[in-house]
Amino acid sequence: MRTALVRLSAAAALATALALPSPAAWARPKAKPKPAPAAARAAELRLGLLDAAYDKLPFGGDLDAVMTWVRARLDATYGPRLKAALDDAERMTLRKALDDELARVRQAVIPFEGGRSGLEASIVAGEFVDGAGESVLLFKDGEVTHYLFFTQGKLYKVARAFKPAEPFGERVAAWTRDFGTPERTAATAGTDPQPETATWTGQKLRLRLAELRRLYHGDRLVIEDVALATQVDARRGGKKPGTARQMDPELEGLLDDGE
């Protein structure tokens, strides 16, 4: 009888031990499964594929920083001419021309303060609002005009035109090979017509390409700093930019350019 009781007690103790978690389980509680990571943005966009100088655009920089970038662009134009100059007199003439052009560019800042800027009927119509601390510097570099937009004195985006060398869809396809698959929007009509667009967003920058061939005989590219553009949207307080409309014929020769 005593032997049976001992065996019964030992069996009960063993069952209890098996039911309890091991010391190792007490020491290492099960970790909660990690949530799936949010989808990452595309790798940073390589602007140099569009223009070698775009890799050095000083987003967030002031007018002086932008003028340093402009100076580098002009040096690339004037450099070969200075090197080929026949004498000091010709070099002095070229250096003066360079300095004069830099001065003209620096003075070509247009503030958007409510008056007519002349850009309301240009390829950058819809890229600015009045009374929100915005301005633009126009830099004509050969056949291309660069529109360098500032918010409270800091460069936050750059726009330019591209000539329609191929159908818009083919241009988007070519850029897709360089920048990945974009977000696409179709053109809309009505009281607030919108163009067909393609948008590529990187970790810091965003490219927006819009088809504006009927109005401006080209496509508009905008390169913008994502964080600064978000600040601009908040600063505008819901105020919407104007929309593109037929270009003033008097402005067409000045502002309608391409690659």
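Analysis parameters
- Residues numbered from 1 in each chain as written.
- Predicted model: local features only at pLDDT ≥ 70, side-chain atom pairs only at ≥ 80, totals over all residues.
- Heavy atoms only, no water.
- 1 Å grid on protein atoms, 1.4 Å probe; cavity = no way out; pocket = protein on both sides within 12 Å on 5 of 7 lines; lining within 4 Å.
- Points joined across faces, edges and corners; volume = space filled by probe spheres on them.
- Helix = DSSP H or I, 4+ residues; strand = E, 2+ residues; numbered from the N terminus.
- Nonpolar A, V, L, I, M, F, W, Y, C, P; charged D, E, K, R; others polar.
- Phe/Tyr/Trp six-rings, centres within 6.5 Å; stacked < 30°, edge-to-face > 60°.
- Buried < 20%, exposed > 50% of the residue type's maximum accessible area, 1.4 Å probe, protein only.
- Lys NZ or Arg CZ within 6 Å of the ring centre and 35° of its normal.
- Pairing = 2+ DSSP bridges.
- Axes fitted to C-alpha atoms, helices over the stretch in contact; angles between N-to-C directions.
- Contact = heavy atoms within 4.5 Å.

(A) Local environment of the layout of surface pockets. Size it by volume and the largest pocket reaches roughly 980 Å³. Taken together, 39 residues make up the lining of the largest pocket; nearest its centre are Gly-126, Glu-127, Gln-194, Pro-195 and Arg-220. Mapped onto the lining of the largest pocket, the elements with two or more residues apiece are strand S4 (154-162), strand S5 (183-185), strand S6 (197-201), strand S7 (205-212), helix H6 (213-216), strand S8 (218-225) and helix H7 (226-236). Considering every element that reaches the lining of the largest pocket, the biggest residue donor is S7, with 6 residues. In terms of residue class, the lining of the largest pocket is made up of 15 nonpolar, 8 polar and 16 charged.

(B) Up close: the packing of aromatic side chains. Scanning the entire structure with this criterion turns up 7 aromatic pairs. When the centroid spacing of 5.6 Å and the interplanar angle of 80° are considered together, the rings of Phe-162 and Trp-175 count as edge-to-face. Separated by 13 residues along the polypeptide, Phe-162 in strand S4 and Trp-175 in helix H5 (residues 168-179) bring together distant segments of the chain. The pair Phe-162 / Trp-175 is uniform in exposure class, with both members buried. Among the aromatic residues, ring-to-ring pairing joins Phe-162, Trp-175, Phe-179 and Trp-200 into one connected group. We note Lys-157 situated over the ring of Phe-149; from NZ or CZ to the ring centre the distance is 5.0 Å.

(C) Summary view of the sheet that holds strand S2 (residues 134-141). Spatial strand order, S1-S2-S3-S4-S8-S7-S6-S5: 8 strands in an open sheet with antiparallel pairing. Sheet topology places strand S1 (109-111) and S5 at the edges, where each strand pairs with a single neighbour. The average angle at which neighbouring strand axes cross in this sheet is 20°, direction not considered. As paired elements, strand S3 (residues 144-151) and S4 share 5 bridges and run antiparallel to each other. Each bridged residue has a counterpart across the sheet, and for Tyr-147 the counterpart in S4 is Ala-159. The strands touched by helix H4 (residues 88-106) are S1 and S2; relative to S2, the strand with the most contacts, the crossing angle is about 150°.

Remember, this is a structural readout, not a statement about activity or role.
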